[in-house]
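# Residue-level structure breakdown
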Amino acid sequence: MRCETCGYRLWNLPSRTCPECGTAFLPSRYEFVVNSVRFCCPHCGEGYYGTGPKGHLVPASFDCASCGRPVHMDEMLLLPTSGVEEEQTQVDRMPWLQRKRSGFFRAWLATIGMALIHPIRLMRTVPRSSSPGQAWWFAVLTNTLTWSVGFGPLMLLPIIVVGFTSATGARSVPVLGVLAVVGVALLFAAGGTLVFLAAWGAVAHGLLRATGNTAGTIGRTYQAIGYAAGANVLTAVPCI
């Protein structure tokens, strides 16, 4: 739990203001992994564990079982549970959906990393209320850039030939024509991704429905397939 302004650690503080910058804070404004934080009574130090959906105490107000005095979650001293590191108390955030805060390029790379290493964890961070369009945008961007890097040398070859023939006085080759072909190829990559994603999601969700009940709608299936496109960056290496 860190200050939203300066990043100072706010654990085990009886005050509700950051000692570094003076910004006010409340534990209820933070979200924790369930059972990862110990809420200690400010009067006697008795510890309680956040079992609510956001790792909060349920109920938030009650009489302390040790000293009998009324307490509220927002006035307690917070500490990571014994054996739990500070980083383990933080709830994972979907990087792509946090790109306005963390930066576009950083969020894109972080989403790719999770798709490659922790795909199940990645999907768990995607809110069900999130628009599938976000996943489509990520898939189109990732696949188009991956395709461009993987086939870039082949796309540059015609341009090199044009420059060589022009320099040697050979029969001129229309440069604009070559660039137009390259542009069409990029558009084809982006459009092909959309068509393929649409077909793949429909077939995948249809198979899921045919074999039993599904936990989510077809939008959730499109989210999974769209964000899984992060793993496609490996195909930028020609032999892969």
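None of these values were measured; they are calculated from a predicted model. All chains use their own residue numbering, which begins from 1 and follows the written sequence. At least 70 in pLDDT is required for a residue's local features to be given in this predicted model, at least 80 for side-chain atom pairs to be given and counted, and no such filter applies to totals for whole chains, interfaces and linings, which use all residues. Note that the side-chain values use all heavy atoms of the structure and ignore hydrogens as well as water.

### Re the sheet that holds strand S1 (residues 37-40)
The strands making up a sheet associate through backbone hydrogen bonding, with each pair oriented either parallel or antiparallel. Heads up, the condition is: What makes two strands pair is DSSP finding at least two bridges between them. Counting from the N terminus, the helices are DSSP H or I runs at least four residues long and the strands are E runs at least two residues long. Angular values range over 0 to 180 degrees, each being the angle between N-to-C directions of two axes fitted as lines to C-alpha atoms, with helices fitted over their stretch in contact.
Pairing is antiparallel across the open sheet formed by three strands, whose spatial order is S2-S1-S5. Since the sheet does not close on itself, it has two edges, and those belong to strand S2 (47-49) and strand S5 (77-80), each with one partner. Geometrically, the sheet is characterised by an average inter-axis angle of 35° between neighbouring strands, direction not taken into account. With four bridges connecting them, S1 and S5 associate as antiparallel partners. Within S5, the residue paired with Cys 40 across the bridge is Leu 77.

### Quick word on a nonpolar patch on the surface
Here is the rule we go by: For patches, a residue must show more than 30% relative accessible area and have no salt bridge; joins then use 9 Å for like charges and 5 Å for nonpolar side chains, namely Val, Leu, Ile, Met, Phe, Trp and Tyr. Each accessible area is a Shrake-Rupley estimate made with a 1.4 Å probe; only the visible protein chains count as cover when residues are assessed. The rule for a salt bridge is simple: a side-chain nitrogen of Lys or Arg has to be within 4 Å of a carboxyl oxygen of Asp or Glu. Partly exposed residues are those whose accessible area sits between 20% and 50% of the maximum for their type, while under 20% is buried and over 50% is exposed, using a 1.4 Å probe and protein chains only.
Side chains of Leu 116, Ile 117 and Leu 234 sit close together on the surface and give an oily, nonpolar patch of about 290 Å² of accessible area. Structurally, the position occupied by Leu 116 is in helix H2 (residues 104-117). With a relative accessible area of 38%, Leu 116 lands in the partly exposed category.

### Some thoughts on helix H6 (residues 218-228)
Counting buried positions along H6 yields eight of eleven residues, so the element is predominantly enclosed. Every buried residue of H6 is listed here: Gly 219, Arg 220, Thr 221, Tyr 222, Gln 223, Ile 225, Gly 226 and Tyr 227.

### What to know about the nonpolar core
Note the threshold: Buried Ala, Val, Leu, Ile, Met, Phe, Trp, Tyr and Cys residues form a nonpolar core when they are joined through side-chain atoms within 4.5 Å. The contact rule is simple, with two residues in contact once any of their heavy atoms fall within 4.5 Å.
Core analysis: the largest hydrophobic core is formed by 19 residues, its most contacted members being Met 1, Leu 10, Phe 32, Phe 39, Met 76 and Leu 78. Those residues in contact with Met 1 that sit more than four places away from it in its chain are Tyr 8, Arg 9, Leu 10, Trp 11, Phe 25, Pro 27, Tyr 30, Phe 32, Leu 78 and Glu 86. Ranked by size, the runner-up nonpolar core spans 13 residues in total, among them Met 94, Trp 96, Ala 115 and Met 123.

### Here's the deal with the side chain of Arg 16
Inclusion rule: Charge assignment: positive for Lys and Arg, negative for Asp and Glu; neither His nor the chain ends contribute.
Note on placement: Arg 16 falls in the segment before S1. At 5.8 Å, Asp 74 is the nearest oppositely charged side chain to Arg 16, a buried residue that forms no salt bridge.

### Remarks on the packing of aromatic side chains
Formally: The criterion for an aromatic pair is that two Phe, Tyr or Trp rings (for Trp, the six-membered ring) have centres within 6.5 Å, with stacked assigned to planes under 30 degrees apart, edge-to-face to planes over 60 apart and tilted to the rest.
All chains considered together, the criterion is met by twelve aromatic pairs. Centroid distance Trp 96 to Phe 104: 5.3 Å. Interplanar angle 65°. Geometry classified as edge-to-face. Residue Phe 104 is classed as partly exposed on the basis of its relative accessible area of 40%. Relative to Trp 108, the ring of Phe 105 has its centre 6.0 Å away and its plane inclined at 40°; by these criteria the two rings are tilted. Here Phe 105 pairs with Trp 108, and both are found in helix H2, just three residues apart, close to one helical turn.

Interpretation note: all reported values are geometric properties and have no functional meaning in isolation.
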